[in-house]
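# Structure at a glance
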Amino acid sequence: MLNFERVKIQFEKPEDRKKSFLLEPVKEYTDEEGVAEASRCLGCNICTQACPASLDIGGYIKSTAVGDPAETVRIVFENLPFPAIIGRVCTHFCEDICVLYDTGGPIAIRHLKRFAADKFDDYGKILSLPKRNFVDKKIAVIGAGPSGLALAYYLSIQGLKVTVYEALPQLGGFMLVGIPRYRLPQEVLDKEIGFIISQGVEVHTNTRVGKDIAFNEIMNSYDAVYMSIGNHMPRMTGTPGSNAKNIYHATEFLRRVALGEKIDVGKSVVVIGGGFTANDSSRTSLRLGADKVYIMYRRREVDRPGYPSMNADEEMEETVEEGVEYMWEVTPFEYASENGKVTGVKYWHNEMVIEGGGRAKPVPIKDKVEFLQCDTIIEATGQESDFSFMGDEYLRKLRLTPQGQVIVDRNGMTSIPKLFSGGDSTNISRDLISAVRDADTAVLGILEYLNLMDRISDDKWLPVLDRWKKYSPTAGKKMG
Ligand SMILES: Cc1cc2nc3c(=O)[nH]c(=O)nc-3n(C[C@H](O)[C@H](O)[C@H](O)COP(=O)(O)OP(=O)(O)OC[C@H]3O[C@@H](n4cnc5c(N)ncnc54)[C@H](O)[C@@H]3O)c2cc1C
Ligand code: SF4
């Protein structure tokens, strides 16, 4: 008999996983479960409209259902060279619009991608990449996060010479120094980044453009440049008392832990913020030995970043299961310290005030002061891009949105000729799959800009943009 219910994914027990960076909270489907879950898919590809990278979701769920995971990986690679990474951490908005959402639950698209990708150690054996016609064009990539690496992959396999400059000692960007290892294991990063680099990409780590090599020199030495620098400049709150020891910005905290430092967080940690970075900081604190971890957010639960979505619900559920306590509608206004080390947070409760038709605003009720003892404070209060490495002359020419994102044309090119840009510094979605989508756009944009479309090795291996339009009843139709 047909079963319409989503096949449940299993989890490690919270008490086991919350003390380990090595134990992934989410387990993997067994062969039987994976095929059963994939077999529920109708193949309508409605979900493709919600995928920033326009993956052929219906296509690869079907190949999974018929027991052909190699074909699944091949289809995913058309637009995305990170199936096992995205199969673990994608924001998976595709599942939010799956037509089966109310009929047994959406297809577990993210889990199924991981299910297929984890079956292969060496993608080279199943992809049969094109025989390359080498092209004498050189491309520089600044920043080795998912966006820069994806671009490096697609242009390298077409025979272009790609060189990546990365400030940190290792590759991966926020995949490595943001997302913690319990959600994204090192061996998964090594497998997928290693495969990209093995396509002949030249890599310079520990090389910050603007310090170790001038931006101007890069612009003069390459035929096109892709800027994928992410947003790594912390936005701190400046709360009085912030200069005490054991107060971190989340990105600094997570980066140091990811690069191997064992930070002593003490027994009690307060995380300020309400988004995914706050969840990751709180769960990392548990794994570093904290007993009590609180997340303080100034708005309501329904106002938190990323909500409403399945992803936001799943992340919060996993965080709560591990014992983290959320404190909604509070405003920390002073950090207390003793002998230079933080001892707690003074805060007010807020009331949410709706003015006009806008978003409800948190307004502190200042007549009652509360105090929460803690040994560490982590501010997960956002970060921005640092373009200062370009130097004043280029900076003056770079057009940004009022919010500080790089403005690009439909080919991914900035207001500076031959400089392309993508990822967190450029899109407002700020997730992995959007960073890869920007790279896909710039791959085609760079090939067009350099007039290489008729010299590429194999157009079967070019990213397919806007596949979703094929499945949208309204795309391309005139309105009114
Ligand atoms: C804690 C945290 C958790 C996250 N969780 C998720 C998640 O679960 N799912 C999801 O989809 N997204 C998640 N994200 C967001 C996701 O990681 C980013 O959207 C994505 O990594 C952006 O890719 P990118 O290539 O634009 O930039 P990044 O990944 O940020 O990479 C940019 C790289 O550029 C380098 N760089 C910067 N300036 C220079 C310079 N001057 N010279 C040389 N190199 C430079 C940086 O060192 C960095 O390595 C998370 C982010 C954080 C911080
Ligand atoms: S919307 Fe759901 S049923 Fe349709 S192709 Fe996507 S996953 Fe399959």
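Structure shown above.
Cut-off values and rules
Residues numbered from 1 in each chain as written. Chains lettered and ligands numbered in written order. Predicted model: local features only at pLDDT ≥ 70, side-chain atom pairs only at ≥ 80, totals over all residues. Heavy atoms only, no water. Core = buried A, V, L, I, M, F, W, Y, C linked by side-chain atoms within 4.5 Å. Buried < 20%, exposed > 50% of the residue type's maximum accessible area, 1.4 Å probe, protein only. Helix = DSSP H or I, 4+ residues; strand = E, 2+ residues; numbered from the N terminus. Contact = heavy atoms within 4.5 Å. Polar contact = N/O pair within 3.5 Å; in protein donor to acceptor, adjacent residues only side chain to side chain. Salt bridge = Lys/Arg side-chain N within 4 Å of Asp/Glu carboxyl O.

Looking now at the nonpolar core. The biggest cluster of nonpolar side chains holds 83 residues, and the ones touching the most others in it are Phe-82 and Leu-151. With 9 residues, the single largest contributor to this core is helix α17 (residues 432–449). The residues touching Leu-151, leaving out its near neighbours within four places in the chain, are Ile-139, Val-141, Tyr-226, Ala-439, Ala-442, Val-443 and Ile-446.

What follows concerns the side chain of Glu-322. With respect to the secondary-structure elements, Glu-322 resides in the loop between α15 (310–321) and β9 (325–327). Separated by 2.7 Å, the side chains of Glu-322 and Arg-17 make a polar contact. Sequence-distant contacts of Glu-322, defined by excluding residues within four places in its chain, comprise Pro-14, Arg-17, Lys-18, Pro-25, Arg-283, Leu-286 and Arg-287.

One pass over the full model with this rule turns up 32 salt bridges. Note that Arg-283 and Glu-318 form a salt bridge whose closest N and O atoms lie 3.1 Å from each other. Taken as a pair, Arg-283 in helix α14 (residues 276–287) and Glu-318 in helix α15 lie far apart in primary sequence, 35 residues in all. Taking relative accessible area as the criterion, Arg-283 reaches 1% and is therefore assigned buried. Judged by relative accessible area, Glu-318 falls into the buried class, the value being 11%. Taken together, the salt bridges that share partners define one network made up of Arg-17, Arg-283, Arg-287, Glu-318, Glu-321 and Glu-322.

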